[in-house]
Amino acid sequence: MSRRTEDFVSPLVRDMPPSGIRRFFDLVANTRGVISLGVGEPDFVTPWHVREAAIYSLERGYTMYTSNLGIPDLRREVAAYLERSYNLSYDPDSEIIITVGASEAVDLALRAVVTQGDEVLVPEPCYVSYRPCAALAGGTPVTVATKPENDFRVTPEVLLEALSPRSKVFVSCYPNNPTGGVMEAEDWMRLTGIFEEHDLLVIADEIYSELTYGGKHASLAAFPGMQKRVVLVNGFSKAFAMTGWRVGFAAGPREIINAMVKIHQYTMLCAPVMGQMAALEALRHGEDEMKRMLVAYDRRRRMIFKRICDMGLSCFEPRGAFYIFPSIETTGFSSDEFCERFLAEEKVALVPGTAFGASGEGHVRISYAASQQNLTEAMNRLERFINRHG
Amino acid sequence: MKKEILEILEGDGRTTPETLAAMIGMDPEEVRREIAALEQEKIILSYGALINWEKIGEDVVLAMIDVKVVPQREVGFDQVAERIYRFPEVQAVFLISGGYDLSVLVQGKSLKEVALFVAERLATLENVQSTMTHFILKKYKEAGIIFEDSDADRRQVVTP
């Protein structure tokens, strides 16, 4: 007797909740003439000199597998980058791995350390992948509910509330998607003691580390006692507008990196060679272009924050990434209702805060990775909508 | 602050003082005053739009003319340059290094019109020794703008 086809699917995967983003994506894709501020990637194309370097490498015939760990030159450049940016010292031969995007690095780290019964603490609102990846690795995701009054930072109070004897891993993302919030040095200092006391391994997703405004990014691994318990994840997608290239990296203690390589060598073998070549060019010569994009984001950020505040919406000033996460409670709508109605009435797409966890209810994520014209127009429409329903 | 205002306006001259003020963290009144001062000092010279005339079927012929000049005592090239740039057909005049002295951009409705301008008005000027005309056949990029750029947003409409 044979199964129904759907019964081949494992219960773990079958029971994974559908992506809130996916549902909204389908809605938006079927509406014409939409200004989308729901995009989680830069509106810039990868700088030409980076594309050109990759094209040239293809012309010269670089089309084969690379070392599992990634091209040695790239690992050395990553080590140099971490050294000059955060004073962090990593051995490129054993403590750095080039991955298929920062996404794969997070997944590898989880699969390398998590087993049945382990709890994985995930501050919410959070990026959509952490909970599913923790579950797929066999662990139990546990929410750390951050609050708007703390600018959605992780405080000792919210962390302690979520801790248990089974807590093993803490996955953070700062600067944060979806809130645009940052964790400063004092914020981390209040948590390092807890990480040590409860012997947690931290997977620090710092993919937006270059996109900070009004202060340099504080990398957790650089704090006293932290380097040995942090897997630093970063990449090139947001800083250098290289989302589609699928190249990122992880830096961490050699035992963990080694475990990650074991998985990576069997599942991926290596990150795409052309992506690695592009990343090499970006690290070596990409700073000017990166700074130009940063200036553009900053101008948009200030403009949009002012408009949001002037509209009477409650919102903290985002100082990282390219998102702003205002509260829409004054309208009385839920996040989902707000976004659906706003899309239907004004043809602008925002992402409901609930797509990022229950802590996002009452908020919406607005991405300002969009042209100045689109942002201005979208803000005009938002103002109209708020005035109609506020 | 001035530099930021100038950079933004150079990119889009339509940016309102309110938007400018929000983008750089200044007061709109301050921005208005700054802009007025910059206009007064002729640091901001104009706010024209960049048009692709060919696309609407307008007959436009452009030529870059290299001009060799006999420089005048005390005034050098300035007087000749002025005599040249006062012609409305002349879009641009630059003093350049190399084998020629001035580079002149001339616009007309036809090849003949431009050629006649050079022959009758430019080459005949006192102190103009010789000219070399290069007709512009195709514009790829001007004032930082790529003419045939695909502006299409290729991103997925909603992504995490």
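What comes next is a walk through the structure. It should be emphasised that the depicted structure is a prediction, and the values quoted were computed from it without experimental measurement.

Rules used in this analysis
- Residues numbered from 1 in each chain as written.
- Chains lettered and ligands numbered in written order.
- Predicted model: local features only at pLDDT ≥ 70, side-chain atom pairs only at ≥ 80, totals over all residues.
- Heavy atoms only, no water.
- Helix = DSSP H or I, 4+ residues; strand = E, 2+ residues; numbered from the N terminus.
- Rg over C-alpha atoms; globule rule 2.2 N^0.38 Å.
- Buried < 20%, exposed > 50% of the residue type's maximum accessible area, 1.4 Å probe, protein only.
- Contact = heavy atoms within 4.5 Å.
- Expected span 1.5 Å × (residues − 1).
- Salt bridge = Lys/Arg side-chain N within 4 Å of Asp/Glu carboxyl O.
- Patch = residues over 30% accessible without salt bridge, like charges linked within 9 Å, V, L, I, M, F, W, Y side chains within 5 Å.
- Areas by Shrake-Rupley, 256 points an atom, 1.4 Å probe, with all protein chains shown as cover.
- Pairing = 2+ DSSP bridges.
- Axes fitted to C-alpha atoms, helices over the stretch in contact; angles between N-to-C directions.
- Phe/Tyr/Trp six-rings, centres within 6.5 Å; stacked < 30°, edge-to-face > 60°.
- Parallel < 35°, antiparallel > 145°, perpendicular 65-115°, else oblique.
- Left-handed = near helix turned anticlockwise from the far one by under 90°.
- Nonpolar A, V, L, I, M, F, W, Y, C, P; charged D, E, K, R; others polar.
- Polar contact = N/O pair within 3.5 Å; in protein donor to acceptor, adjacent residues only side chain to side chain.
- Buried area = accessible area lost by both parts, 1.4 Å probe.

### A closer look at the overall build of chain A
Phase 1 of the analysis: Broken down by element type, chain A carries 13 helices and 12 strands.
Phase 2 of the analysis: For chain A, whose C-alpha radius of gyration is 21 Å, the value lies close to the compact-globule estimate of 21 Å for 390 residues.
Phase 3 of the analysis: For chain A, the C-alpha atoms occupy an extent of roughly 60 × 60 × 50 Å along the three principal directions.
Phase 4 of the analysis: In chain A, buried positions account for 58% of the 390 residues.
Phase 5 of the analysis: Look at the contacts in chain A between residues 6 or more apart in sequence, and 76% of them connect residues 24 or more apart.

### Regarding helix α4 (residues 72–86) of chain A
Residues and elements named next belong to chain A.
Phase 1 of the analysis: For α4, spanning 15 residues, the distance from its first C-alpha to its last is 21 Å, which sits close to the expected 21 Å at 1.5 Å a residue.
Phase 2 of the analysis: If you check which residues of α4 are buried, you get Leu74, Arg75, Glu77, Val78, Ala79, Tyr81, Leu82, Ser85 and Tyr86.
Phase 3 of the analysis: The secondary structure elements touched by the buried residues of α4 are β2 (96–99), β7 (230–235), β8 (248–251) and α10 (273–285).
Phase 4 of the analysis: Of the residues flanking the end of α4, it is Asn87, one or two places downstream, whose phi is positive at about 60°.

### Focus on the pattern of salt bridges
Residue and element names in this part refer to chain A.
Phase 1 of the analysis: Under the definition given, this model contains 44 salt bridges over all chains.
Phase 2 of the analysis: For Arg22, the salt bridge identified is with Asp26, shortest N-O distance 3.3 Å. You can see Arg22 and its partner Asp26 sitting in helix α2 (residues 20–29), 4 residues apart, about one turn around the helix.

### Considering a nonpolar patch on the surface
Phase 1 of the analysis: Taken together, Val9, Leu12, Val13 and Leu136 of chain A make up a surface patch of nonpolar side chains, about 300 Å² in accessible area.
Phase 2 of the analysis: Along the chain, the position of Leu12 of chain A falls in helix α1 (residues 11–14).

### Here's the deal with the sheet that holds strand β6 (residues 201–205) of chain A
Residue and element names in this part refer to chain A.
Phase 1 of the analysis: Strand order in this open sheet of 7 strands is β2-β8-β7-β6-β5-β3-β4, and the pairing throughout is mixed. The open sheet has two edge strands, β2 and β4 (140–145), and neither has a second partner. Neighbour-to-neighbour, the strand axes of this sheet turn through a mean angle of 20°, independent of strand direction.
Phase 2 of the analysis: Where helix α5 (residues 101–113) meets the sheet, its contacts fall on β2, β3 (119–124), β5 (167–173), β6, β7 and β8, and the angle it forms with β2 comes to roughly 125°.

### Quick look at the packing of aromatic side chains
Residue and element names in this part refer to chain A.
Phase 1 of the analysis: Taken as a whole and judged by the stated rule, the model has 18 aromatic pairs over all chains.
Phase 2 of the analysis: For the pair Tyr297 and Phe322, a centre-to-centre distance of 5.3 Å together with 40° between the ring planes defines the contact as tilted. Of the two residues, Tyr297 sits in helix α11 (residues 287–310) while Phe322 sits in the loop between α11 and β9 (323–324), which places them 25 residues apart along the sequence.
Phase 3 of the analysis: Of the residues examined, Tyr297 reaches a relative accessible area of 0% and is grouped as buried.
Phase 4 of the analysis: Ring geometry for Phe342 and Phe385: centres 5.0 Å apart, planes at 55°, overall tilted. Of this pair, Phe342 sits in helix α12 (residues 335–346) while Phe385 sits in helix α13 (residues 372–389), and the two are 43 residues apart along the sequence.
Phase 5 of the analysis: By relative accessible area, Phe342 is classed as buried at 1%.

### Some remarks on the pairing of strand β3 (residues 102–108) of chain B
All names here are of chain B.
Phase 1 of the analysis: Of all 7 residues in β3, 6 are buried; the element is thus mostly enclosed.
Phase 2 of the analysis: Bridge analysis of strand β1 (residues 61–69) against β3 gives 7 bridges, and the strand direction is antiparallel. Note that in β3 the partner of Val61 across the bridge is Gly108.
Phase 3 of the analysis: Two successive antiparallel strands, strand β2 (residues 90–95) and β3, enclose a turn made up of 6 residues, where Gly98 displays a positive phi of approximately 110°.

### Side note on the environment of Leu122 of chain B
Residues and elements named next belong to chain B.
Phase 1 of the analysis: Structurally, the position occupied by Leu122 is in helix α5 (residues 111–122).
Phase 2 of the analysis: Separated by 18 residues in sequence, Leu122 and Val104 place their C-alpha atoms 9.7 Å apart.
Phase 3 of the analysis: Excluding residues within four positions of it along the chain, Leu122 makes contact with Ile65, Val67, Ile84, Phe117 and Val128.

### Considerations on the environment of Val69 of chain B
Residues and elements named next belong to chain B.
Phase 1 of the analysis: When you line up the elements, Val69 lands in strand β1.
Phase 2 of the analysis: The exposure class assigned to Val69 is buried, which follows from its relative accessible area of 4%.
Phase 3 of the analysis: Taking the C-alpha atoms as reference points, Val69 and Val128, 59 residues apart in sequence, are found 4.6 Å from one another.

### Side note on the packing of α12 of chain A against α13 of chain A
All names here are of chain A.
Phase 1 of the analysis: Orientation of α12 relative to α13, taken along the N-to-C sense of each, is 115°, at an axis distance of 11 Å. Regarding the angle of α12 to α13, the classification is roughly perpendicular. Pair α12 / α13 crosses with right-handed handedness. Contacts between α12 and α13 pair Phe338, Arg341, Phe342, Glu345 and Glu346 from the former with Ala378, Arg381, Leu382, Arg384, Phe385, Ile386, Arg388 and His389 from the latter.
Phase 2 of the analysis: For the contact of α12 with α13, a count of residues per class yields 6 nonpolar, 1 polar and 6 charged.

### Notes on the side chain of Thr66 of chain A
Residues and elements named next belong to chain A.
Phase 1 of the analysis: For Thr66, the location among the structural elements is in the loop between α3 (48–59) and α4.
Phase 2 of the analysis: Engagement of the side chain of Thr66 in a polar contact is seen with the side chain of Gln276, the distance being 3.1 Å.
Phase 3 of the analysis: Those residues in contact with Thr66 that lie beyond four places of it in its chain are Ile71, Cys270, Ala271, Val273 and Gln276.

### Some remarks on the interface of chain B and chain A
Phase 1 of the analysis: Contacts between chain B and chain A engage 15 residues on the former and 26 residues on the latter.
Phase 2 of the analysis: Summed over both sides, the interface between chain B and chain A buries roughly 1700 Å², with carbon and sulfur atoms accounting for 58% of that surface.
Phase 3 of the analysis: Per-residue buried area on chain B facing chain A is highest for Arg155, Val158 and Pro160 of chain B; these three make up 42% of the total on that side.
Phase 4 of the analysis: Connecting chain B to chain A are 2 salt bridges.
Phase 5 of the analysis: A salt bridge links Arg299 of chain A to Glu4 of chain B; its shortest N-O distance comes to 3.5 Å.
Phase 6 of the analysis: Here chain B is connected to chain A by 12 residue pairs in polar contact (both at pLDDT 80 or more).
Phase 7 of the analysis: Residue assignment for the side of chain B that touches chain A shows that the elements contributing at least two residues are α1 (2–11) and α2 (17–24) of chain B.
Phase 8 of the analysis: For the side of chain B that touches chain A, the element with the highest residue contribution is α2 of chain B, accounting for 4 residues.
Phase 9 of the analysis: For the side of chain B that touches chain A, the class distribution of residues is 7 nonpolar, 4 polar and 4 charged.

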